[in-house]
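# Architecture and fold: a report
Letter by letter, the chains look like this.
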Amino acid sequence: RQSLPSKRDRLILLIFLLLFFATALWMVIRLPAQATPNEMLHFEYVQLLRQTRNLPQAGLANTEERLTELHQPPLYYGFAALTGIFEPVPSATTRPPVPLEWPKNPAFLGTHKGNLTPVVHVTPQNTPILYASRMATLFISILGLAAFYRAGAQLYSPATGLLMMSLLAFQPNYLHLSGSVNNDAPLTAVSAIVLSYTLLIIANDKNPHWYFGLGLLCALAVLTKASGLFLTVYIAAACIILYFQPRDLRRAIFSGLYALAGLVPFWLGWLAINAARQMDALGVANSLPVDRLLALTPGDFLLLIPWMDDIWRSFILDWSAGGVGYARDWFYIYWSALLTIAFLGWLRRPQKGSQRHLAAIVLPGIVTILLLYFAVKALTVKEAGYLVPESRWWLPAMPGIAWLAAVGFSRWWPEAGREKTVQLAAFI
């Protein structure tokens, strides 16, 4: 373990968090309505919670489009509803309530116009709950960043923790979605918290009962978004490390049982509630056709090769209308070079106290999320012949990618000047 953050380190951390907050807040206020995927449908969930004082029931999903989000777990939406609790919402006059409808916004990518876009003139004055819901996303995103920094600072150094946090905070999609009504940025924040907690309890050799907390955090992920269930791979990875690192099977088993005790009651409770409201119990039927995904062959993934440029360009923008909104080539070259150099740092001789075995915790999470992403996209290309990149699907893997990149980058530098160099990289 390296030195704890000094007053100067904490001041730099505060500057970074304020910079992220200010940038994301600008997006909260200035992003036109529907400038991110399905924002109207996510916002409708929040509105329905306020109107009906209950979770959306099957009868409310009276359109195919509506069904795509109303099956989602309620944690983020409940918090968003509470954020705007002091703003009155009229009760629904029909059962089921009429779906929210905003005019289509063909100019949403012209963000320099902000809410002056005449087609969808939505402002904090005429639709305050939308902006309160966006603020809820922002608060959760900041919480994830703070937890991520704390883990990096404790396990390595304040500068490495800062670089981890910077890579996640200013990854364009995380920043963009943090100013919108959606559950992808909150799930990514929870992913950062789950990863941070897992690494800390492994590195600090915590007793099995600490894994109950890991189970609770995984339950938090499941209740944020259905695909959060895949973050339970960290439980499996941690138990495997416990078995092979100290060769203690009994401890690995008890740690796993404690984690399941924290996860399973909440997860099963949510499945029961979903079944009672006559929704898809697992909440993945509309986006993850499991039977067809399992039928994919390795050759099906080769169908994605012509689309890899679009997938990589979605690193800056989650979805794009005809390529509009992507960055210039130099931006992608810069990020490609940065990540390549950082990852190659892992090939260098391990530094003292580098805790290299922690990579065995991080990698399974990244691989699981990316494999899921590429499987869904391969199925889309196979069946429909087209692809919408939707990098928000792989965004929960970004904390693991940022962790690997930050630690790998720090391994390039001698101990004497490492802190200043890594800290400078965080600013760049």
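Residues numbered from 1 in each chain as written. Predicted model: local features only at pLDDT ≥ 70, side-chain atom pairs only at ≥ 80, totals over all residues. Heavy atoms only, no water.

Right, let's get into the overall build of the protein. Looking only at helices and strands, the protein features 18 helices and 0 strands. Buried residues in the protein amount to 54% of all 428 residues. Looking at the protein alone, contacts between residues at least 24 apart form 80% of all its contacts between residues at least 6 apart. Summed over all atoms, the accessible surface of the protein reaches about 19400 Å², with 67% contributed by carbon and sulfur. (Helix = DSSP H or I, 4+ residues; strand = E, 2+ residues; numbered from the N terminus. Buried < 20%, exposed > 50% of the residue type's maximum accessible area, 1.4 Å probe, protein only. Contact = heavy atoms within 4.5 Å. Areas by Shrake-Rupley, 256 points an atom, 1.4 Å probe, with all protein chains shown as cover.)

Let us now look at the packing of aromatic side chains. Counting across every chain of the model gives 16 aromatic pairs. Judged by centre distance (6.1 Å) and plane angle (70°), the rings of tryptophan 330 and phenylalanine 331 are edge-to-face. Looking at phenylalanine 331, the relative accessible area reads 15%, which means it is buried. When the ring of phenylalanine 331 is compared with that of tyrosine 332, the centres are 5.6 Å apart and the planes differ by 85°; the resulting orientation is edge-to-face. As far as burial versus exposure is concerned, phenylalanine 331 and tyrosine 332 are alike and both buried. Members of the aromatic cluster, joined through ring pairs, are Trp312, Trp330, Phe331, Tyr332, Tyr334 and Trp335. Of note, lysine 206 hangs over the ring of tryptophan 210, and the distance from its end group to the ring centre comes to 4.4 Å. The ring of tryptophan 393 carries the charged tip of lysine 377 above its face, separated from the ring centre by 5.8 Å. (Phe/Tyr/Trp six-rings, centres within 6.5 Å; stacked < 30°, edge-to-face > 60°. Lys NZ or Arg CZ within 6 Å of the ring centre and 35° of its normal.)

In terms of nonpolar packing, the biggest core is built from 128 residues, with Phe20, Ile361 and Trp403 touching the most fellow members. At 14 residues, the largest contribution of residues to this core is made by helix H5 (residues 128-155). Among all residues touching tryptophan 403, those that are not within four sequence positions of it are Phe148, Tyr156, Met164, Leu199, Trp346, Leu358, Ala359 and Val362. (Core = buried A, V, L, I, M, F, W, Y, C linked by side-chain atoms within 4.5 Å.)

This part is about a nonpolar patch on the surface. Taken together, the side chains of Phe212, Leu216, Ile240, Tyr243, Phe244, Leu249, Ile253, Phe254, Leu257, Tyr258, Leu260 and Phe266 define a hydrophobic patch exposed on the protein surface, amounting to about 1100 Å² of accessible area. With 7 residues, helix H11 (residues 249-276) is the single largest residue contributor to the nonpolar patch. For phenylalanine 266, the position within the fold is in helix H11. (Patch = residues over 30% accessible without salt bridge, like charges linked within 9 Å, V, L, I, M, F, W, Y side chains within 5 Å. Salt bridge = Lys/Arg side-chain N within 4 Å of Asp/Glu carboxyl O.)

With that out of the way, let us pick up the side chain of threonine 188. For threonine 188, the position within the fold is in helix H8 (residues 184-203). Assessed through its relative accessible area of 0%, threonine 188 is described here as buried. Dropping the residues within four chain positions of it, threonine 188 is found in contact with Leu168, Tyr174, Leu395, Pro396 and Pro399.

Moving on, we get to the confidence of the model for the protein. With 84% of its residues at a pLDDT of 70 or more, the protein shows a mean pLDDT of 85. Counting interchain partners and residues more than four positions distant, the pLDDT-below-50 stretch residues 110-116 has 14 contacts. (pLDDT = per-residue confidence, 0-100.)

The final tally for this structure, using the stated rule, is 10 salt bridges. Here glutamate 39 and arginine 134 are joined by a salt bridge, their closest N and O atoms 2.8 Å apart. Remark: arginine 134 occurs in helix H5 and glutamate 39 occurs in helix H2 (residues 39-52); sequence separation between them is 95 residues. One exposure class covers both glutamate 39 and arginine 134, and it is buried. A single network of salt bridges, built from pairs that share partners, joins Asp184, Lys225, Lys377, Glu390 and Arg392.

Let us look at the environment of methionine 40. When you line up the elements, methionine 40 lands in helix H2. Under the relative-accessibility criterion, methionine 40 is labelled buried at 12%. Here the alpha-carbon distance between methionine 40 and asparagine 182, two residues 142 residues apart in the chain, equals 9.4 Å.

Taking 1.5 Å as the rise per residue, H11 with 28 residues should run 40 Å; its terminal C-alpha atoms sit 39 Å apart, in good agreement. At leucine 263, H11 shows its maximal kink, close to 30°; a proline, proline 265, follows between one and four residues later. Among all positions in H11, only Arg251, Ala252, Ser255, Gly256, Ala259, Gly262, Leu263, Trp270, Leu271 and Asn274 are buried. Lining the buried residues of H11 we find helix H9 (211-222) and helix H10 (233-244). Of the residues that open H11, the one with a side-chain oxygen 3.4 Å from the backbone nitrogen of arginine 250 is aspartate 248. (Expected span 1.5 Å × (residues − 1). Bend = angle between axes of the 7 residues up to and from the residue. Polar contact = N/O pair within 3.5 Å; in protein donor to acceptor, adjacent residues only side chain to side chain.)

So, on to unusual backbone geometry. In this structure, arginine 53 is a non-glycine residue whose phi angle is positive, near 55°. Looking at the secondary structure, you find arginine 53 in the loop between H2 and helix H3 (64-70). The class of arginine 53 is exposed, set by a relative accessible area of 73%. At aspartate 205, a residue that is not glycine, the phi angle is positive and equals roughly 55°. Structurally, aspartate 205 is set in the loop between H8 and H9. Accessibility expressed as a relative area gives 51% for aspartate 205, which makes it exposed.

Looking now at the side chain of glutamine 171. Relative to the helices and strands, glutamine 171 is located in the loop between helix H6 (158-169) and helix H7 (172-177). Non-local contacts of glutamine 171, meaning those with residues more than four positions away in its chain, are made with Ser166, Phe315, Trp394, Leu395 and Met398.

Every α-helix winds through 3.6 residues per turn, so residues three or four apart in the chain are directed the same way. End to end, helix H17 (residues 398-410) covers 18 Å across 13 residues, agreeing with the expected 18 Å (1.5 Å per residue, within 8%). Most of H17 sits inside the fold, with 13 of its 13 residues counted as buried.

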